[in-house]
Amino acid sequence: MAIKIALIYPTDPFGPKVGGIETFIRGFIKHSPHDFDIQFIGISSDRQKRPPHKWTRLSYGDRVFDFLPLFFEKDENKKTFFPLFLRFAITLFFHRPRYLERMLIFNRIEP
């Protein structure tokens, strides 16, 4: 029986942003046991390869997972008037992706 997990964080797992949580997410996906059924809900930095609001099956290393970007963000590192985490939380609230019967993993609640 597979363990169903949904990772929820405003980043693109294949995007250019580098940091502690981004490295953790990539490592979690890559090194998780094969009986983990992983969904990742984040943002997209490439509209063609990872279109917003569409589940995409991706692979990282030898792991396959489902990815749902809530919106497109050209540069995750650039500061904007409305912070990325706020736009992500609002979009998550209105989009309400299906992650029933999954263990939800959030990194932290932003300030």
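Everything numeric here is computed off the predicted structure, so don't read it as measured data. (Residues numbered from 1 in each chain as written. Predicted model: local features only at pLDDT ≥ 70, side-chain atom pairs only at ≥ 80, totals over all residues. Heavy atoms only, no water.)

Turning our eyes to something else, we now look at a nonpolar patch on the surface. Together, Phe81, Phe82, Phe85, Leu86, Ile90, Phe93 and Phe94 make up an exposed nonpolar region whose accessible area comes to about 800 Å². Looking at the element boundaries, Phe85 is found in helix α2 (residues 84-95). (Patch = residues over 30% accessible without salt bridge, like charges linked within 9 Å, V, L, I, M, F, W, Y side chains within 5 Å. Areas by Shrake-Rupley, 256 points an atom, 1.4 Å probe, with all protein chains shown as cover. Salt bridge = Lys/Arg side-chain N within 4 Å of Asp/Glu carboxyl O. Helix = DSSP H or I, 4+ residues; strand = E, 2+ residues; numbered from the N terminus.)

A few words now on the nonpolar core. If you look at the biggest cluster of nonpolar residues, it comprises 13 residues, and the most contacted ones within it are Leu7, Ile25, Phe28, Ile29, Ile38, Phe40 and Phe65. Residue assignment for this core shows that the elements contributing at least two residues are β1 (3-8), α1 (20-31), β2 (36-44) and β4 (63-72). Element by element, the count of residues in this core is highest for α1, at four residues. For Ile38, the contacting residues outside a window of four places in its chain are Ile5, Leu7, Phe28, Ile29, Ser32, Arg63, Phe65 and Asp66. Membership of the second largest hydrophobic core comes to nine residues, among which are Ile8, Ile41, Phe71 and Leu92. (Core = buried A, V, L, I, M, F, W, Y, C linked by side-chain atoms within 4.5 Å. Buried < 20%, exposed > 50% of the residue type's maximum accessible area, 1.4 Å probe, protein only. Contact = heavy atoms within 4.5 Å.)

Locating His53 in the fold gives a position in the loop between β2 and β3 (56-60). Residue classification places His53 among the partly exposed residues on the basis of a relative accessible area of 47%. It is 6.3 Å that separates the C-alpha atoms of His53 and Leu68, two residues lying 15 residues apart in sequence. Apart from residues lying up to four places away in sequence, His53 is in contact with Leu68, Pro69, Leu70, Thr91 and His95. Within polar-contact distance, the side chain of His53 engages the backbone oxygen of Leu70 at 2.9 Å. (Polar contact = N/O pair within 3.5 Å; in protein donor to acceptor, adjacent residues only side chain to side chain.)

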